[in-house]
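# Working through the structure, step by step
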Amino acid sequence: MDAIFARRSIRKFTGEPLTDAQIERLLRAGMAAACAKGSQNRLFFVSKGQGSLPTLIQVHPNAFALKTATAAITVCADLRVAAQVDPLNTWWVQDCAAALENILVEAAGLGLGGLWIGVHPDPKRVVAVQSDLAAPRYIVPLGVAALGHPAKEKAPTDRFEADKVFYSTYPEEH
C-alpha cells in the first residue's frame, strides 16, 4: 500500500538518469500485470534521455514532462496478437493499462517519479508515438510512463471515499 499511496503524477524531473537495473525492474513490474487469457500481447518500448518522443511532445499538451524525464516506457499492444485472443480486439486496452499502472507503482516504490501520458484513443497521439517509435500501424500505444527522479517530492495520498462504495447493488435512494 505504501507504493500505491506514494504513486503521484510527477511532471518535472531532476535530469539524473535511471539505471539499467531500475528500468529492468519497471519492465518486470509491467510484465507482471494481469493479461486477458494469458495473451501477453503487450510490447514495451524504452526511450532514454530527456526529450524522448518529440512528435508526441508536439501534439500532446501534457507530454511536456518528457522534456525533463530521463526515461520513458511506452506500453503498446500488438493488434495481430490481440485479435487472436479476442476477435473483438478489446481486451488489449485493459492489459496495457494494468501494465502501465504497475510500472508507475513500482517507480514510486523505487523512489522515482512517473507520469501517465495518455495516448490511445486519440488518433493524433497514436500516430505521433508510432512515428517516434518507427512502429507499424498494428502496434498501438496505449500510453507512456514518463520517468525520472522527481524535482520535488509530493506527499503520499489516500483517496478513499466511502460514499463511492456499494455492496452488492446500487441503492435506490442514492
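Whatever comes next refers back to the structure up there.
Residues numbered from 1 in each chain as written. Predicted model: local features only at pLDDT ≥ 70, side-chain atom pairs only at ≥ 80, totals over all residues. Heavy atoms only, no water.

## Considerations on the overall build of the chain
Condition: The helix and strand labels rest on DSSP assignments: H or I over at least four residues marks a helix, E over at least two residues marks a strand, and numbering proceeds from the N terminus. In this description the radius of gyration comes from C-alpha coordinates, and the expected globular size is given by 2.2 Å times residues to the power 0.38. Contact criterion: two residues are considered in contact whenever any of their non-hydrogen atoms come within 4.5 Å of each other. Residue burial considers only the protein chains on display, and all accessible areas are found by Shrake-Rupley using a 1.4 Å probe.
Along the chain, the regular secondary structure elements total six helices and four strands. Helices (α) and strands (β) of the chain occur, in sequence order from the N terminus, as α-α-β-α-β-α-α-β-α-β. On C-alpha atoms alone, the chain measures out to a radius of gyration of 17 Å, which is about the 16 Å that the 2.2 N^0.38 rule sets for 174 residues. Its C-alpha atoms give the chain principal-axis dimensions of about 50 × 45 × 30 Å. Sequence-distant contacts in the chain: of pairs separated by 6 or more residues, those separated by 24 or more amount to 76%. Of the roughly 9700 Å² of accessible surface on the chain, 55% is carried by carbon and sulfur atoms.

## Side note on the pattern of salt bridges
Under the convention used in this document: We define a salt bridge as a contact between a side-chain nitrogen of Lys or Arg and a carboxyl oxygen of Asp or Glu at a distance within 4 Å. Partly exposed residues are those whose accessible area sits between 20% and 50% of the maximum for their type, while under 20% is buried and over 50% is exposed, using a 1.4 Å probe and protein chains only.
Throughout the structure, instances matching the rule amount to seven salt bridges. With a shortest N-O distance of 2.6 Å, Arg25 and Glu106 are connected by a salt bridge. In this pair, Arg25 sits in helix H2 (residues 20–31) while Glu106 sits in helix H5 (residues 92–109), placing the two residues 81 residues apart along the sequence. Residue Asp122 pairs with Arg125 through a salt bridge whose shortest N-O separation is 3.5 Å. On the basis of relative accessible area, Asp122 is assigned to the partly exposed category, the value being 27%.

## Re the packing of H2 against H5
Here is the rule we go by: For helices, the fitted line uses only the C-alpha atoms of the stretch in contact; every axis is such a line through C-alpha atoms, and the angle between N-to-C directions lies from 0 to 180 degrees. Here roughly perpendicular refers to angles of 65 to 115 degrees, roughly parallel to angles under 35, roughly antiparallel to angles over 145, and oblique to all remaining angles. Crossings are classed by handedness, with left-handed meaning an anticlockwise turn of the near helix from the far one by less than a right angle and right-handed meaning a clockwise turn. All amino acids are sorted into three groups, where Ala, Val, Leu, Ile, Met, Phe, Trp, Tyr, Cys and Pro are nonpolar, Asp, Glu, Lys and Arg are charged, and the leftover types, Gly among them, are polar.
As a packed pair, H2 and H5 sit with axes 7 Å apart at the nearest point and diverge in direction by 140°. Classified by the angle their axes make, H2 and H5 are oblique. In terms of crossing hand, the pair formed by H2 and H5 is right-handed. Contacts between H2 and H5 involve Arg25, Leu26, Ala29 and Gly30 from the former and Ala99, Asn102, Ile103, Glu106 and Ala107 from the latter. Its residues assigned to classes, the contact of H2 with H5 comprises five nonpolar, two polar and two charged.

## Quick look at the packing of aromatic side chains
Within a pair of aromatic rings, the relevant descriptors are the distance that separates the centres and the angle that separates the planes. Convention followed: What counts as a ring pair is set by centres within 6.5 Å for rings of Phe, Tyr and Trp (its six-membered ring), and what kind of pair is set by the plane angle: stacked under 30 degrees, edge-to-face over 60, tilted for all other angles.
One pass over the structure, following the stated rule, counts one aromatic pair. Centre to centre, the rings of Phe166 and Tyr170 are 5.0 Å apart; their planes meet at 50°, and the pair counts as tilted. Residue class for Phe166 comes out partly exposed when judged on its relative accessible area of 34%. When its relative accessible area of 54% is taken as the criterion, Tyr170 is described as exposed.

## Observations regarding a nonpolar patch on the surface
Counted only if it meets this: Patch definition: residues with relative accessible area over 30% and no salt bridge; like charges joined within 9 Å; nonpolar side chains (Val, Leu, Ile, Met, Phe, Trp, Tyr) joined within 5 Å.
Judged by side-chain polarity, Phe160, Val165 and Tyr167 come together as a nonpolar surface patch covering roughly 390 Å² of accessible area. In this structure, Val165 sits in the segment after strand E4 (139–148).

## Concerning a positive patch on the surface
As a reminder of what qualifies: Asp and Glu count as negative and Lys and Arg as positive, but His and the ends of the chain are not part of the count. Every charge is mapped to an atom, namely NZ of Lys, CZ of Arg, CG of Asp or CD of Glu.
Side chains of Arg11, Lys152, Lys154 and Arg159 sit close together on the surface and give a patch of like positive charge. Position of Lys152 relative to the elements: it lies in the segment after E4. For Lys152, a relative accessible area of 60% corresponds to the exposed category.

Take it as geometry only, folks, not as evidence of what the structure does.
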